[in-house]
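Structure at a glance
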Amino acid sequence: MRIIHTADWHLGQSFHGQERHEEHRAFLDWLVDILAERQVDALLVAGDVFDVVNPSLRAQELLYDFIVRVHQRCPDLTIALIAGNHDSGSRIELPAPLMQHLRTHALGRVRFVDDGALDSDRLLVPLRDAQGEVRAWCLALPFLRPAEITGRGRQSRQAADAAEEETNAGDDYVASVERVHRELIAAAREKREPGQALIAMSHAHLRGATVSEASERPIVIGGEESLSASLFPDDIDYVALGHLHRAQRVGDERIRYSGSPLPLDFSEVDYPHQVLMADFADGALAHVEPISVPRAVAMRRLGPAPLEEILGAIEALPARDGAGPVERWDWLEINVRLDAPMPELRSRIEQALGDRAVRLLRLKRELPVTESQAPGRGERLEDIGPRELFSRTWKERWGEAPDDSVIADFDWLCQRVQDADAEDQSADAQVQHTTEGGTQP
């Protein structure tokens, strides 16, 4: 049994206002070839398929065209994909009945049956080899939003469970996450037969894993942002994780983040961007091999350095002559150290870049810090982020930084807003789908 594990595609990402359709198309073209050449049995996509809950038509076309092409090249290959925190679970699942005809399983959200137990069967995806034999079970667990698993659909649980939920929101969420994992793993163990592997796929932040400098949206868990790797006991042969963009192991060989196939921020330029190929023998993990993703468009960072040094570095950038289409020119970030404000800085930089085959996305200025300067002066709102902006505002108002409990409450509210946005977008998509099908909503 051979699988490829990938995650965090973020199709439709707007990169400082620029679309990355060409880069995503190149990655998916490459992935189709790899799946065929390496004779892969299953592809696991561990969440954040799209960059926003309401992706553009072009982003959706990328995904569905990819699925069709994979099925044409590799008709026996199974695809399992889950929703991440950037995705709308309902939107991911909307075309699921159609995608099943292409051996693709799309799981966007968890559900519960009448007695409050997890509907585990729909989350267990059989993975077959070239002969059609089930060689593994994929425990496909989409991102667990607090509103979906805390209290909703579980009111008829036994008294012991009810007592467990009489805690604060954060503890309730963590307990609910643990309970969902326990129930799904128990159901998988019942289905497992000799010679079959158990492969968990989840979109989560595990404790001890390394986050990116700037590009990952916090996953809020009632004041905590990480789960314990102990959620995955030893009889889970492989854990395919998504959310963190840096490829890494967590604890041991079997628990892996594949990382994002493309750098999603300039802070990720030096990450190893890859997919992971895992081989299984006799129902156990045998080998994991990273496969580097070729970079269709490079990212470059110049600075921080004085202006004259930056101008010299610009001269060494590739020239436009023979550089190919603009869509393949490098992305560029420049950080200039200045002794004093320079209003004409951008015009000087753009003039120097006039014959270079690069696209300037961000120009940063570093000025000497004085006591009279406000914190963060010269920064753009998009470079700060909601949590940092809240912390600065709180400190300005109250004279001290917010403590952990205040940050936890703010994070919780942010997640509630993001969940509400996802629900609204999903409802709009369902209404549009029903109306276009000829039935009034």
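Here, the structure is the one placed above.
Residues numbered from 1 in each chain as written. Predicted model: local features only at pLDDT ≥ 70, side-chain atom pairs only at ≥ 80, totals over all residues. Heavy atoms only, no water.

Check the secondary structure of the protein chain and you find 12 helices and 17 strands. Here the protein chain, with 441 residues, has 50% of them falling under the buried criterion. Across the protein chain, contacts joining residues at least 24 apart in sequence account for 72% of those joining residues at least 6 apart. When the accessible area of the protein chain is evaluated, it comes to approximately 21,000 Å², of which 47% is carbon and sulfur surface. (Helix = DSSP H or I, 4+ residues; strand = E, 2+ residues; numbered from the N terminus. Buried < 20%, exposed > 50% of the residue type's maximum accessible area, 1.4 Å probe, protein only. Contact = heavy atoms within 4.5 Å. Areas by Shrake-Rupley, 256 points an atom, 1.4 Å probe, with all protein chains shown as cover.)

Take unusual backbone geometry next. In the segment running from Gly303 into Pro304, the intervening peptide bond is cis, with an omega of 5°. Tracing the chain through its elements places Pro304 in strand β15 (residues 299-306). At His243, a position not held by glycine, the phi torsion is positive, near 120°. Along the polypeptide, His243 turns up in the loop between β10 (238-242) and β11 (248-250). Residue class for His243 comes out buried when judged on its relative accessible area of 4%. One non-glycine residue, Asp282, lies in positive phi territory at about 55°. In this structure, Asp282 sits in the loop between β13 (274-281) and β14 (284-292).

With that settled, the discussion passes to a negative patch on the surface. Side chains of Glu400, Asp403, Asp404 and Asp409 sit close together on the surface and give a patch of like negative charge. If you trace the backbone, Asp404 turns up in helix α12 (residues 404-436). The class of Asp404 is exposed, set by a relative accessible area of 70%. (Patch = residues over 30% accessible without salt bridge, like charges linked within 9 Å, V, L, I, M, F, W, Y side chains within 5 Å. Salt bridge = Lys/Arg side-chain N within 4 Å of Asp/Glu carboxyl O. Lys, Arg positive; Asp, Glu negative; His and termini not counted. Charge placed at Lys NZ, Arg CZ, Asp CG, Glu CD.)

Next up on the list: the environment of Asp76. If you trace the backbone, Asp76 turns up in the loop between α2 (57-73) and β5 (78-82). We classify Asp76 as partly exposed; its relative accessible area is 46%. Between the C-alpha atoms of Asp76 and Gly132, which are 56 residues apart in sequence, the distance is 7.9 Å. If near-sequence neighbours (up to four positions away) are discounted, Asp76 is found in contact with Asp41, Arg103 and Ala130.

Picture the strands of a sheet paired through backbone hydrogen bonds; they go either parallel or antiparallel. As summarised here, the arrangement of the 3 strands in space is β15-β16-β17, forming an open sheet in which the pairing is parallel. A single partner strand is all that each edge strand has here, and the edge strands are β15 and β17 (358-366). On average, each strand axis in the sheet is tilted by 15° relative to the strand beside it, whichever way the strands run. Alignment of β15 against strand β16 (residues 330-337), held across 6 bridges, turns out to be parallel. Within β16, the residue paired with Arg300 across the bridge is Leu332. Strands β15 and β16 of the sheet are contacted by helix α8 (residues 307-315), whose axis makes an angle of about 150° with β15. (Pairing = 2+ DSSP bridges. Axes fitted to C-alpha atoms, helices over the stretch in contact; angles between N-to-C directions.)

With 4 of 5 residues buried, strand β1 (residues 2-6) lies mostly within the body of the structure. Relative to β13, β1 runs antiparallel, the two sharing 4 bridges. Within the sheet, the bridge partner assigned to Ile4 lies in β13 and is Met277.

We now examine the sheet that holds β14. Taken together, the 6 strands give an open sheet; going across it, the order is β6-β5-β4-β1-β13-β14, and neighbouring strands pair in mixed fashion. Of all strands in the sheet, those with a lone pairing partner are β6 (104-107) and β14, marking the two edges. Strand-to-strand twist across the sheet, computed as the mean angle between neighbouring axes with direction ignored, equals 20°. α2 rests against β4 (42-46), β5 and β6 of the sheet, and its axis sits at about 160° to β5.

The next point concerns helix α1 (residues 21-37). Along its 17 residues, α1 runs 24 Å from first to last C-alpha, staying within 8% of the 24 Å computed at 1.5 Å per residue. Here α1 has its buried residues at His21, Glu23, His24, Ala26, Phe27, Leu28, Trp30, Leu31, Val32, Ile34 and Leu35. One or two steps after α1, the chain reaches Gln39, where phi turns positive at roughly 55°. (Expected span 1.5 Å × (residues − 1).)

Moving on, we get to the packing of α8 against helix α9 (residues 345-352). Axis separation between α8 and α9 bottoms out at 10 Å; the angle between their running directions is 25°. What the angle tells us is that α8 and α9 run roughly parallel. Viewed along their axes, α8 and α9 form a crossing whose handedness is right-handed. Packed against α8, whose contacting residues are Leu307, Glu308, Ile310, Leu311 and Ile314, the element α9 presents Leu345, Arg348, Ile349 and Ala352 at the interface. The class makeup of the residues in the contact of α8 with α9 is 7 nonpolar, no polar and 2 charged. (Parallel < 35°, antiparallel > 145°, perpendicular 65-115°, else oblique. Left-handed = near helix turned anticlockwise from the far one by under 90°. Nonpolar A, V, L, I, M, F, W, Y, C, P; charged D, E, K, R; others polar.)

This paragraph deals with the packing of α1 against α2. Between α1 and α2, the least distance of the axes is 10 Å, while the angle of their chain directions is 15°. Taken together, the axes of α1 and α2 lie roughly parallel to each other. Between α1 and α2 lies a crossing of right-handed hand. Here α1 contributes His21, His24, Arg25, Leu28, Asp29, Leu31, Val32, Asp33, Leu35 and Ala36 to the contact with α2, which in turn contributes Arg58, Leu62, Asp65, Phe66, Arg69, Val70 and Arg73. Per-class residue counts for the contact of α1 with α2 are 8 nonpolar, 2 polar and 7 charged.

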